Each structure stands twice: as C-alpha cells, then as structure tokens.
Amino acid sequence: MKIGFGNDHAAVELKETLMRYVSELGHECVDFGTNSTDSVDYPEYGLKVAEAIKSGEIDKGILICGTGIGISLAANKVPGIRAAVCSEPFTAKMTVQHNNANILAMGARVVGEGLAKLIVDAFLEATYEGGRHQIRVDMLTDIENKYKE
Ligand code: RB5
C-alpha cells in the first residue's frame, strides 16, 4: 500500500521512526511533513494527507501530533475521510473493520515508539468487514452531505 504521513512539530521523531518501520514492512511511504521541530499548525498537515487520500495519491494515512486529536479533527473535515485517534492496537484494528477508517491518528506525547508500531501493525493489517457496518458508514456520508454548501 501507499501510506501518507503527516505530523506537526510535536511528532517529527516518531513520524521518522514509523516511516522507516512502515517501509520495512514493504509499503511505500509518502512524507507530507513537517520535518522541522519549529512550531507549525497541525490543520495544514491533516488536510494535506486527507486531500492525498481523496485524490488517490495514497491509500491510507498516518497522522501524528501531540495528542493525535487536533490533526485528526482537521482531516475529518474533509468529506470521505474517517480518521481515528488510537492509543492501543484494539481500536486501531476495530476502526478499520467496522468504521472503514482511512487514517490512523496518534499522539506522540501519548504513545511510545514500541506501542505506536503495534498500533500501526493493527491498522495496516485490518480489513474492512462491510456488511452491516456499511449502513453506518453510509450514515456518516449522509451527515457530510447534509451540511455541504
Ligand atoms: C502542539 O503543541 C499541540 O497542540 C498539537 O500537537 C496537538 O496535540 C493538538 O491537538
């Protein structure tokens, strides 16, 4: 798969570690920045990865900020994006199986490197189950459509 990475200044080191790890797993990685610890604004990087999924440039995204929350909120503003903040592997697996999540978000100030790798494994190995879950995912799209200008 082609995996896009986006992060703010709080997560440069963890992003670099995870990009190496995901490459070693055999995936192609695309880096949307930031690559500096100078303070930046997380919505910019959440948006870049979300738009790359929308355009088909990447298959899935991994977003990291201090908590994973701000950057996921930004990505989730883009229709069709389902970004889930996960701090352990179970939810990372379930959010793909049940919510068809296309972005994993994590907090670099929340999870360590070892746990983050397990969360990434769970996210990348999981498969969307469809079936009864599709009705609910379609309802998310209905909400997006309701508020489209
Ligand atoms: C940056 O200090 C911090 O606010 C950001 O990384 C993130 O945690 C926001 O949700």
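This text follows the structure it describes.
Procedures and definitions
Residue positions are given per chain, counted from 1 along the sequence in the order it is written. In keeping with the model being predicted, local features are shown solely for residues with a pLDDT of at least 70 and side-chain atom pairs are shown and tallied solely at 80 or more, while totals for entire chains, interfaces and linings include all residues. Note that water and hydrogens are dropped before the side-chain values are worked out from all heavy atoms of the structure. Helix and strand labels come from DSSP, where a helix needs a run of H or I of at least four residues and a strand needs a run of E of at least two; each type is numbered from the N terminus. Buried residues are those whose accessible area, probed at 1.4 Å on protein chains only, stays under 20% of the maximum for their type, while exposed residues exceed 50% and partly exposed ones sit between those limits. For this count, His and the chain ends are skipped, Lys and Arg are scored as positive, and Asp and Glu as negative. We define a salt bridge as a side-chain nitrogen of Lys or Arg found within 4 Å of a carboxyl oxygen belonging to Asp or Glu. By the criterion applied in these results, polar contacts are pairs of N or O atoms within 3.5 Å in which, for protein atoms, one can donate a hydrogen and the other can accept it, and in which residues neighboring in sequence qualify only through two side-chain atoms. Here, residues are in contact when the closest pair of their heavy atoms is within 4.5 Å. Near residues are defined by distance, with any heavy atom within 4 Å of the molecule or strand qualifying the residue. Method for areas: the Shrake-Rupley scheme with a 1.4 Å probe, in which residue coverage is limited to the protein chains shown. Amino acid classes used here: Ala, Val, Leu, Ile, Met, Phe, Trp, Tyr, Cys and Pro are nonpolar; Asp, Glu, Lys and Arg are charged; the rest, including Gly, are polar. We place a 1 Å grid over just the protein atoms. Points where a 1.4 Å probe fits but has no way out form a cavity, open points with protein on both sides within 12 Å along at least 5 of 7 lines form a pocket, and any residue with an atom within 4 Å of a point lines it. Grid points are joined across faces, edges and corners, and a volume is the space filled by probe spheres set on the points.

(A) Expanded view of the side chain of R82. Mapped onto the secondary structure, R82 falls in the loop between α3 (69–76) and β4 (83–85). One buried charged residue, R82, forms no salt bridge at all, with the nearest opposite charge on E144 at 6.0 Å. A distance of 3.0 Å separates a polar side-chain atom of R82 from the backbone oxygen of N99. For R82, the side chain forms a polar contact with the main-chain oxygen of N100, separated by 2.9 Å. Look past the residues within four positions of R82 in its chain and what remains in contact with it is N76, N99, N100, A101, N102, I103, V137 and L140.

(B) Looking closely at the site of the ligand. Taken together, D8, H9, A10, Y42, C65, G66, T67, G70 and R109 make up the full set of residues near the ligand. In the environment of the ligand, an oxygen atom lies 2.5 Å from a nitrogen or oxygen atom belonging to the side chain of D8. Burial of the ligand by the protein amounts to 71% of the accessible area it has alone, namely 290 Å². Per-class residue counts for the shell around the ligand are 3 nonpolar, 4 polar and 2 charged.

(C) Inspection of the layout of surface pockets at higher detail. Approximately 180 Å³ is the volume found for the largest pocket. Residue lining of the largest pocket: N76, G80, I81, R82, A83, A84, T95, N99, A101, L140, T141 and E144, and that is the complete set. Elements with a contribution of two residues or more to the lining of the largest pocket: β4 and α6 (132–146). With 3 residues, α6 is the largest single contributor of residues to the lining of the largest pocket. Split by residue class, the lining of the largest pocket holds 5 nonpolar, 5 polar and 2 charged.

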